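Tertiary structure, described
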Amino acid sequence: MKRLSYYFIVIIFLASSLYASVVIKIDNGVKLKKALKNRVETYWKARAKKDFETSYKFELPYLNYIHSEDWYEIFFQNASKFSKIELKKIKSCNKSICIIGLLLRYRFNPDNFIFLYDKWIKVDGIWYHKYDDNPLPNFNQ
């Protein structure tokens, strides 16, 4: 009976670690408008959890017109899982386009990370995420 209890606890612990919440941290001095901040946080939490149904809705409408939700899920399914997402800086921002610098920490190896510039575009008063769907590398970033 003790052994069964032990295995049950281990399984619960492993399952909970797989679905651990994602932490979004915004560095001091980084000021985003509330609407954009909320969209960035919701989008990246969904992406980190691989909740493609939610993150797809935050992508630019023209990208959703070009690519179905099924295509989108396949495109991002092998993306790494992240446990912490840090908004480090704003590269540029105006009324319609904002490029922010993000540090994405891996879920199972938080000492390793990816730094990327994330582009957001305002369309009809709503901020949308812009991903690069080109299979070729972009050397102009």
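Placed above this text is the structure.
Described below are features of the structure shown in this document.

Cut-off values and rules
- The numbering scheme is per chain: residues are counted from 1 as the chain's sequence reads.
- Local features in this predicted model are restricted to residues whose pLDDT is 70 or higher, and side-chain atom pairs enter the listing and the counts only when it is 80 or higher, whereas totals over whole chains, interfaces and linings include all residues.
- Side-chain metrics in this entry use all non-hydrogen atoms of the structure; hydrogen atoms and water are not considered.
- In DSSP terms, a helix is any run of H or I states spanning at least four residues, a strand is any run of E spanning at least two, and both are numbered starting from the N terminus.
- Buried residues are those whose accessible area, probed at 1.4 Å on protein chains only, stays under 20% of the maximum for their type, while exposed residues exceed 50% and partly exposed ones sit between those limits.
- Surface accessibility in these figures is a Shrake-Rupley result with a 1.4 Å probe; residues are shielded only by whichever protein chains are displayed.
- Only residues whose relative accessible area exceeds 30% and that form no salt bridge enter a patch; like-charged residues are grouped when within 9 Å of one another, and nonpolar side chains (Val, Leu, Ile, Met, Phe, Trp, Tyr) when within 5 Å.
- What counts as a salt bridge is simple: a side-chain nitrogen of Lys or Arg found within 4 Å of a carboxyl oxygen of Asp or Glu.
- Asp and Glu count as negative and Lys and Arg as positive, but His and the ends of the chain are not part of the count.
- By convention, the charge on Lys lies at NZ, on Arg at CZ, on Asp at CG and on Glu at CD.
- A helix is expected to reach a length of 1.5 Å times the quantity of its residues less one.
- Only protein atoms enter the 1 Å grid used here, on which a cavity is any set of points holding a 1.4 Å probe that cannot leave and a pocket is any open set flanked by protein within 12 Å on both sides along at least five of seven lines; residues with an atom within 4 Å of a point are listed as lining.
- Grid points are joined across faces, edges and corners, and a volume is the space filled by probe spheres set on the points.
- For this scheme, ten residues count as nonpolar: Ala, Val, Leu, Ile, Met, Phe, Trp, Tyr, Cys and Pro. Four count as charged, namely Asp, Glu, Lys and Arg, and the remainder, Gly too, count as polar.

**Some words on the overall build of the protein chain**
- Helix and strand content of the protein chain: five helices and five strands.
- Listing each helix as α and each strand as β along the protein chain from the N terminus yields α-β-α-α-α-α-β-β-β-β.
- Out of the 141 residues in the protein chain, the part that is buried amounts to 30%.
- As presented, the protein chain carries roughly 9600 Å² of accessible surface, and 57% of it is formed by carbon and sulfur atoms.

**Thoughts on a nonpolar patch on the surface**
- Together, Tyr62, Tyr65 and Ile66 make up an exposed nonpolar region whose accessible area comes to about 410 Å².
- If you trace the backbone, Tyr65 turns up in helix α4 (residues 61–66).
- Since its relative accessible area comes to 75%, Tyr65 is described here as exposed.

**Some thoughts on a negative patch on the surface**
- On the surface, Asp51, Glu53, Glu69, Asp70 and Glu73 cluster together into a negatively charged patch.
- Among the elements that take part in the negative patch, helix α5 (residues 69–76) stands out by supplying three residues, more than any other.

**Some thoughts on helix α2 (residues 34–48)**
- Between its first and last C-alpha atoms α2 spans 21 Å; for 15 residues at 1.5 Å apiece the expected length is 21 Å, and the two agree.
- Among all positions of α2, only Leu36, Arg39, Val40, Glu41, Tyr43, Trp44, Ala46, Arg47 and Ala48 are buried.
- At the exit of α2 stands Lys50, carrying a positive phi of roughly 60°.

**Let's talk about empty space enclosed by the protein**
- Across all of its chains, the model carries one cavity of 30 Å³ or more by this definition.
- Here the largest cavity defines a volume of roughly 50 Å³.
- Looking at the largest cavity, the residues that line it are Ile24, Lys25, Ile26, Val40, Glu41, Trp44, Ile85, Glu86, Leu87 and Leu102.
- If you list the elements that add at least two residues to the lining of the largest cavity, you get β1 (23–26), α2 and β2 (82–93).
- For the lining of the largest cavity, a count of residues per class yields seven nonpolar, no polar and three charged.

By themselves these figures say nothing about function.
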